[in-house]
Amino acid sequence: GTEDGLFSPQKSVSKEQFAKMLCLSFSLKTPKTSVTTFLDVSPDRWSHPYIEATSEYFLSNSDFGVNEFRPDSEITRTDVACTISKILGLKADNRKAIDEKYTDCSFIDDTEAYYLAAAEKAEIIKGKQRISSTAAKQTEEYKIWNADLLAEYANKVEELKSRLTEEYQQAKQK
């Protein structure tokens, strides 16, 4: 829930809220300490104990050398899948499973891909398949739209070329 006692199903979840959910879901012990792992999480922040208890599971921090948690930022699907994979100790040999199955993984780095592949293998995540009749139809529609656009562009180039040739000939005669 939220501070006002509502569930707020349409509201995004922040990283600090997700850290608390993880602690409660996995019965993680929250430390009573003023030590802080991240520069942007002060010991007096409400979420400090939850963030400290889950800090080793968030890839976006410990594995990329960033010493910030960014507690107010929205949690991404990648963060959720990687964090849960890491907590559960899931393993994958490589990123091949996600690269073959999902259309939008080329920008994901290898560390994240490893945990995403493990989450996919465990069926924690499911995504849009690379090949589907809908995707094929959309691809065909896109090709037609793109071909029409290119044809229109080619016509404009020909018109411009013709006009410039005419203007050149007229200027040459003067």
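Residues numbered from 1 in each chain as written. Predicted model: local features only at pLDDT ≥ 70, side-chain atom pairs only at ≥ 80, totals over all residues. Heavy atoms only, no water.

A.B. asks: Can you break down unusual backbone geometry residue by residue, with the values?
C.D. replies: A positive phi angle is found at Ser-27, which is not glycine, with a value near 50°. On the secondary structure map, Ser-27 appears in the loop between helix H1 (15-25) and helix H2 (48-54). Residue Ser-27 is classed as exposed on the basis of its relative accessible area, which comes to 62%. (Helix = DSSP H or I, 4+ residues; strand = E, 2+ residues; numbered from the N terminus. Buried < 20%, exposed > 50% of the residue type's maximum accessible area, 1.4 Å probe, protein only.)

A.B. asks: Tell me what's going on with the environment of Ser-85, and back it up with residues and numbers.
C.D. replies: Tracing the chain through its elements places Ser-85 in helix H4 (residues 77-88). On the basis of relative accessibility, which here comes to 0%, the residue Ser-85 falls in the buried class. Considering only alpha carbons, one finds Ser-85 and Leu-116, 31 residues apart in sequence, at a separation of 7.5 Å. When near neighbours in sequence (up to four residues on either side) are disregarded, Ser-85 contacts Leu-90, Tyr-115, Ala-118 and Ala-119. A polar atom in the side chain of Ser-85 sits 2.9 Å from the backbone oxygen of Ala-81. (Contact = heavy atoms within 4.5 Å. Polar contact = N/O pair within 3.5 Å; in protein donor to acceptor, adjacent residues only side chain to side chain.)

A.B. asks: Which residues make up the pattern of salt bridges, and what are the values?
C.D. replies: Within the structure shown, the criterion is met by seven salt bridges. The salt bridge partner of Asp-110 is Arg-95, with a shortest N-O separation of 2.8 Å. Of this pair, Asp-110 sits in helix H6 (residues 110-121) while Arg-95 sits in the loop between H4 and helix H5 (96-101), and the two are 15 residues apart along the sequence. Overlapping salt bridges bring together Glu-16, Arg-45 and Asp-72 as one network. (Salt bridge = Lys/Arg side-chain N within 4 Å of Asp/Glu carboxyl O.)

A.B. asks: I'd like to hear about the environment of Trp-46, residue by residue, with values.
C.D. replies: In this structure, Trp-46 sits in the loop between H1 and H2. The exposure class of Trp-46 is partly exposed, given its relative accessible area of 45%. Each C-alpha atom of the pair Trp-46 and Glu-16 lies 9.1 Å from the other, and the pair is 30 residues apart in sequence. Setting aside residues up to four positions removed in sequence, Trp-46 forms contacts with Glu-16, Gln-17 and Lys-20.

A.B. asks: Tell me about the confidence of the model for the protein chain, residues and numbers included.
C.D. replies: Summary statistics for the protein chain give a mean pLDDT of 77 and a share of 76% for residues scoring 70 or more. Mean pLDDT per element in the protein chain: helix H7 (residues 133-173) is the minimum at 56, and H2 is the maximum at 95. (pLDDT = per-residue confidence, 0-100.)

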